[in-house]
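Take a look at the letters that make up each chain.
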Amino acid sequence: MRSVLITGGAGFIGSHLGQRLLAAGDRVRVLDNLDAFYDVALKRRNLAELAAAGGDRFEFLEGDIRDADACRRAVAGADTVVHLAALAGVRPSIQDPVRYMDVNVTGTQVLLQQIEARATRFVFGSSSSVYGGNTKVPFAEADPVDRPVSPYAASKKAGEVQCFTWHHLHGNRVTCLRFFTVYGPRQRPEMAIHQFARHITDGTELPFFGDGSSRRDYTYVDDIVQGIEAAMRCERPYAIYNLGGAATTSLAEMVHQLERALGKPAKKKQLPDQPGDVPITFADVSLAEQELGYRCTTPLAEGIQKFCRWYLEQKRAGVVR
Ligand SMILES: NC(=O)c1ccc[n+]([C@@H]2O[C@H](COP(=O)([O-])OP(=O)(O)OC[C@H]3O[C@@H](n4cnc5c(N)ncnc54)[C@H](O)[C@@H]3O)[C@@H](O)[C@H]2O)c1
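Quantities reported herein were computed from a predicted structural model and do not represent experimental measurements.

Draft legend 1. Representation of the overall build of the protein chain. Tallying secondary structure elements over the protein chain gives 11 helices and 13 strands in all. At 19 Å, the protein chain has a C-alpha radius of gyration in line with the 20 Å of a compact globule built from 321 residues. Its C-alpha atoms give the protein chain principal-axis dimensions of about 55 × 45 × 40 Å. Within the protein chain, the fraction of its 321 residues that count as buried is 56%. Contacts in the protein chain between residues at least 24 apart in sequence constitute 83% of all its contacts with a sequence separation of at least 6. Carbon together with sulfur atoms contributes 52% to the accessible area of the protein chain, which is approximately 13400 Å² in total.

This is the structure:
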């Protein structure tokens, strides 16, 4: 039985990972400060589901990754740390860059400093945003990532570098995973698919940035979780992998798929491109396929159907707006 610490485990991706690990018989501890970036009731619900699934194999520590004592307690006895706690989101990071750097960069460093056992593996949740305005597609791990275009992206690139230095000095195995736009049940309410589903369902105006031609590589959360679990077994001393859907979909097509799944047309409100947004993300996942056995198995149409089913159920139950 593994003992896994998931930082940020009350959130979207972390709670899915926790569920998968508990189902596999592992012990799971979550360190999360229940940050108010979005409705904390959603995070408490995620934790309640983890507690129900894990019984005494699950433990929740409410605490901040910038607090060394909280991190020391959280890492004690863990053979693997999956570090997902962060302030996420490109646009809000432009409004509050200092806070993003504080949580994502200082917080990562404080956490790393508290890991004493050389045997403890570390998996870092990085982001496709490190590729910035890269126009060479698909994005491969060896591509230059020196020009991130938002403080959030810069903080994720910094995290990968911090992880390397820590690995170099202490010898622990580290795997950094660049997630490409993750979606599915429990998705953060401010993310496009969730936000757009709300607008379509409520019949309110949907903010449609640019001409709809910007393209994203969307990844269903179960595929990401499978990739994280594979990375927890990775034997390379330090490695970076893309985890994506390996296909791109235009904004216009994504909205169309939501309209189909929800059975209602969207009222689009045309807005200019946003600063910090990139024209395309597209993952080359061949390295993750070869070395981790990663497989992206959920096509967007199927994943959107699953998301919409979850969204409508939660809306009826009054859990999401
Ligand atoms: N969702 C995506 O599409 C996506 C894409 C690329 C990378 N990522 C990265 O994956 C990770 C998880 O993302 P998510 O979408 O599940 O976000 P999320 O916001 O649902 O989860 C992050 C969790 O971290 C917690 N947290 C924030 N600040 C903290 C602090 N100071 N101390 C302790 N906990 C703190 C939050 O309360 C939250 O529960 C993040 O690191 C994010 O940057 C996500």
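Now, onward.
Draft legend 2. Layout of the pairing of strand 3 (residues 58–62). Of the pairings in the sheet, the one linking strand 2 (residues 27–32) to strand 3 comprises five bridges and is parallel in character. Within the sheet, the bridge partner assigned to Leu-31 lies in strand 3 and is Leu-61. For the crossover from strand 2 across helix 2 (residues 40–54) to strand 3, the handedness is right-handed.

Draft legend 3. Fine view of the site of the ligand. By nearness alone, 29 residues border the ligand, and Asp-32, Tyr-38, Tyr-152, Val-182 and Arg-188 come closest of all. Tyr-152 places a polar side-chain atom, nitrogen or oxygen, 2.6 Å from an oxygen atom of the ligand. Burial of the ligand by the protein amounts to 98% of the accessible area it has alone, namely 820 Å². At the level of secondary structure, the elements contributing two or more residues to the shell around the ligand comprise helix 1 (12–23), strand 5 (121–127) and helix 6 (151–170). Class assignment of the residues belonging to the shell around the ligand gives a composition of 14 nonpolar, eight polar and seven charged.

Draft legend 4. Region of interest: the sheet that holds strand 11 (residues 238–243). If you trace the seven strands from one edge of the open sheet to the other, you get 3-2-1-4-5-6-11, paired in parallel fashion. Whereas interior strands pair on both sides, the edge strands pair on one side only; in this sheet they are strand 3 and strand 11. The average undirected angle you get between the axes of adjacent strands in this sheet is 20°. Sheet topology note: the strand 6 (residues 174–179)/strand 11 ladder contains six bridges and is parallel. Residue Leu-177 lies in a different strand from strand 11, and its bridge partner there is Tyr-241. Contacting strand 1 (3–7), strand 2, strand 3, strand 4 (80–83) and strand 6, helix 1 crosses the sheet at an angle of about 170° to strand 1. Packing against the sheet, helix 2 makes contact with strand 2 and strand 3, and its axis sits at approximately 150° to strand 3.

Draft legend 5. Here's a closer look at the pairing of strand 4. In strand 4, alternate side chains face the same way, and those of Thr-80 and Val-82 on one face and Val-81 and His-83 on the other are all buried. Note: strand 1 against strand 4, four bridges, orientation parallel. When the sheet's bridge partners are listed, Leu-5 is paired in strand 4 with Val-81. In terms of strand pairing, strand 4 meets strand 5 through four bridges, oriented parallel. Bridging across to strand 5, Thr-80 finds its partner in Arg-121.

Procedures and definitions
- Counting starts from 1 at the beginning of each chain's written sequence and moves along it residue by residue.
- Only residues with pLDDT of 70 or above have their local features reported here, since the model is predicted, and side-chain atom pairs are shown and tallied only from 80 upward, although totals for entire chains, interfaces and linings are computed over all residues.
- Side-chain descriptors were evaluated using all non-hydrogen atoms of the structure, hydrogens and water having been removed beforehand.
- The helix count covers DSSP runs of H or I at least four residues long, the strand count covers runs of E at least two residues long, and both are numbered beginning at the N terminus.
- Note that the radius of gyration is over C-alpha atoms, with the globule rule given as 2.2 Å times the number of residues to the power 0.38.
- Buried, partly exposed and exposed residues are distinguished by accessible area as a fraction of the type maximum, computed with a 1.4 Å probe on protein chains only: under 20%, between the cut-offs, and over 50%, respectively.
- Residue contacts follow a heavy-atom distance rule, with two residues in contact if any of their heavy atoms lie within 4.5 Å.
- Here the accessible surface of atoms and residues is derived via Shrake-Rupley with a 1.4 Å probe, and residues count as covered only by protein chains that are part of the display.
- Should DSSP find at least two bridges between two strands, the strands are regarded as paired.
- When the strands point away from the viewer, a crossover counts as right-handed if the route from the first strand across the helix to the second turns clockwise.
- Whether a residue is near a molecule or strand is decided by its heavy atoms; if any one of them lies within 4 Å of it, the residue is near.
- Any N or O atom pair separated by 3.5 Å or less is treated as a polar contact, with the protein-specific requirement of one donor-capable and one acceptor-capable atom, and with residues adjacent in sequence counted only for side-chain atom pairs.
- Under the convention adopted here, Pro, Cys and the residues Ala, Val, Leu, Ile, Met, Phe, Trp and Tyr are nonpolar, Asp, Glu, Lys and Arg are charged, and Gly plus all remaining residues are polar.
- Axis angles are defined between N-to-C directions and span 0 to 180 degrees, where every axis is a line fitted to C-alpha atoms and, for a helix, only to the segment in contact.

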